[in-house]
Amino acid sequence: MTSTIKFDQWENTASTKSVTMDQIAGGSGLVPVLPTSIGVQTGSASVGANGVVSFSGATAVELNNCFSSEYRNYKFIVNVSVSNSPSWYRYRANGANLTTSDYFDVGIQAYYDGAPATISSRSQNIGYPLYLVGTQCLWTGEISSPYVSAPTRMISEGTRDNSGFFRTAQSVYNVNTIADGISFIFENVATGTVQVYGYR
């Protein structure tokens with residue numbers, strides 16, 4: 001979207017300049033990102049004009065070319081219905097998952113019943129930030145510099161609807177590589193939406 005704005009000069013004259021809304025915001029707002037293509041393991045998936053990916057009966061949803069040099073940071077929001085499923089992620093490059101054993105995660109999880117929170121850590125060939133179960137699960141995260149040849153960092157959190165469960169995790173893919181996409185992977189079939197936003 002382009003808007004026209006008048007700028008008053010010190011000499012009491014005016015000039016006119018066309019700028020985009022992203023420039024007006026200084027490039028700091030969340031901008032929906034449209035993947036160039038999507039993949040799905042079992043089930044089906046589609047992407048809307050606003051970049052929202054809808055999926056049904058899927059065990060994995062793959063977003064290709066949603067990261068680029070245009071934005072340094074990204075936010076994702078996953079709303080999902082799934083039955084008793086560990087939920088993983090993998091970064092992608094050139095249409096394929098990155099599967100080296102360089103995903104490191106540290107997480108804290110707690111329940112509503114007052115039991116002490118637990119801390120877990122792991123390193124594997126797949127990122128594992130939380131465990132989802134229910135019809136209104138939420139998984140969100142912030143990703144720093146996936147399209148830079150450096151380790152990629154993520155802070156994520158999630159909750160599920162059948163208990164007061166909450167988990168937050170800090171994760172790093174400790175490889176100097178460029179990732180242009182991400183896969184969300186479920187042990188059981190899942191139905192929901194995922195949206196990725198870019199920001200500077």
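Now for a look at the structure at hand. (Residues numbered from 1 in each chain as written. Predicted model: local features only at pLDDT ≥ 70, side-chain atom pairs only at ≥ 80, totals over all residues. Heavy atoms only, no water.)

Focus on the overall build of the chain
- In terms of regular secondary structure, the chain is built from one helix and 14 strands.
- Across the chain, every contact between residues at least 6 apart in sequence was considered, and the portion connecting residues at least 24 apart equals 67%.
- As presented, the chain carries roughly 10200 Å² of accessible surface, and 52% of it is formed by carbon and sulfur atoms. (Helix = DSSP H or I, 4+ residues; strand = E, 2+ residues; numbered from the N terminus. Contact = heavy atoms within 4.5 Å. Areas by Shrake-Rupley, 256 points an atom, 1.4 Å probe, with all protein chains shown as cover.)

Notes on the pattern of salt bridges
- Counting across every chain of the model gives four salt bridges.
- Between Arg200 and Glu70 there is a salt bridge, with its nearest N and O atoms 3.6 Å apart. Here Arg200, found in the segment after β14 (181-199), pairs with Glu70, found in the loop between β6 (53-64) and β7 (73-93); they are 130 residues apart in sequence, far enough to count as distant.
- On the basis of relative accessibility, which here comes to 45%, the residue Glu70 falls in the partly exposed class.
- Where Arg122 meets Asp105, a salt bridge forms, and the shortest distance between an N and an O atom there is 3.3 Å. (Salt bridge = Lys/Arg side-chain N within 4 Å of Asp/Glu carboxyl O. Buried < 20%, exposed > 50% of the residue type's maximum accessible area, 1.4 Å probe, protein only.)

Details of the environment of Phe186
- Along the polypeptide, Phe186 turns up in strand β14.
- Take Phe186: its relative accessible area is 3%, and that puts it in the buried class.
- Taking C-alpha positions, Phe186 is 4.8 Å from Thr59, a pair spaced 127 residues apart along the chain.
- If we ignore the near neighbours within four places in the chain, the residues touching Phe186 are Phe55, Ala58, Thr59, Val80, Ser85, Pro86, Ser87, Trp88, Leu132 and Trp139.

What about the nonpolar core?
- Counting residues in hydrophobic clusters, the biggest one holds 32 residues, and the most contacted among them are Val80, Tyr91 and Ile182.
- For this core, the secondary-structure elements that each account for two or more residues are β6, β7, β11 (127-144) and β14.
- When residues in this core are grouped by element, the largest group, eight residues, is from β7. (Core = buried A, V, L, I, M, F, W, Y, C linked by side-chain atoms within 4.5 Å.)

Some remarks on the pairing of β6
- Examined bridge by bridge, strand β4 (residues 37-41) and β6 share five bridges and lie antiparallel to one another. Bridge pairing links Ile38 to Leu63 in β6.
- Across four bridges, the pairing between strand β5 (residues 44-47) and β6 is antiparallel. Pairing of Ala45 across the sheet is with Phe55, part of β6. (Pairing = 2+ DSSP bridges.)

A closer look at the side chain of Lys75
- Residue position: Lys75 is located in strand β7.
- Within the structure, the side chain of Lys75 is placed 3.0 Å from the side chain of Glu142, a separation counted as a polar contact.
- Among all residues touching Lys75, those that are not within four sequence positions of it are Leu30, Gly141, Glu142, Gln195, Val196, Tyr197 and Tyr199. (Polar contact = N/O pair within 3.5 Å; in protein donor to acceptor, adjacent residues only side chain to side chain.)

Some details on the environment of Arg200
- What makes Arg200 partly exposed here is its relative accessible area of 46%.
- Placed 170 residues apart in sequence, Arg200 and Leu30 show a C-alpha to C-alpha distance of 8.5 Å.
- Within the structure, the side chain of Arg200 is placed 3.4 Å from the backbone oxygen of Glu70, a separation counted as a polar contact.

Considerations on the packing of aromatic side chains
- On inspection of all chains with the given rule, the structure shows eleven aromatic pairs.
- Taking 5.8 Å as the distance between ring centres and 90° as the angle between the ring planes, the aromatic pair formed by Phe76 and Trp139 counts as edge-to-face. Note that Phe76 is positioned in strand β7 and Trp139 in strand β11, a separation of 63 residues in sequence.
- Consider the rings of Tyr91 and Tyr173, whose centres lie 6.0 Å apart with planes at 50°: the pair is tilted. (Phe/Tyr/Trp six-rings, centres within 6.5 Å; stacked < 30°, edge-to-face > 60°.)

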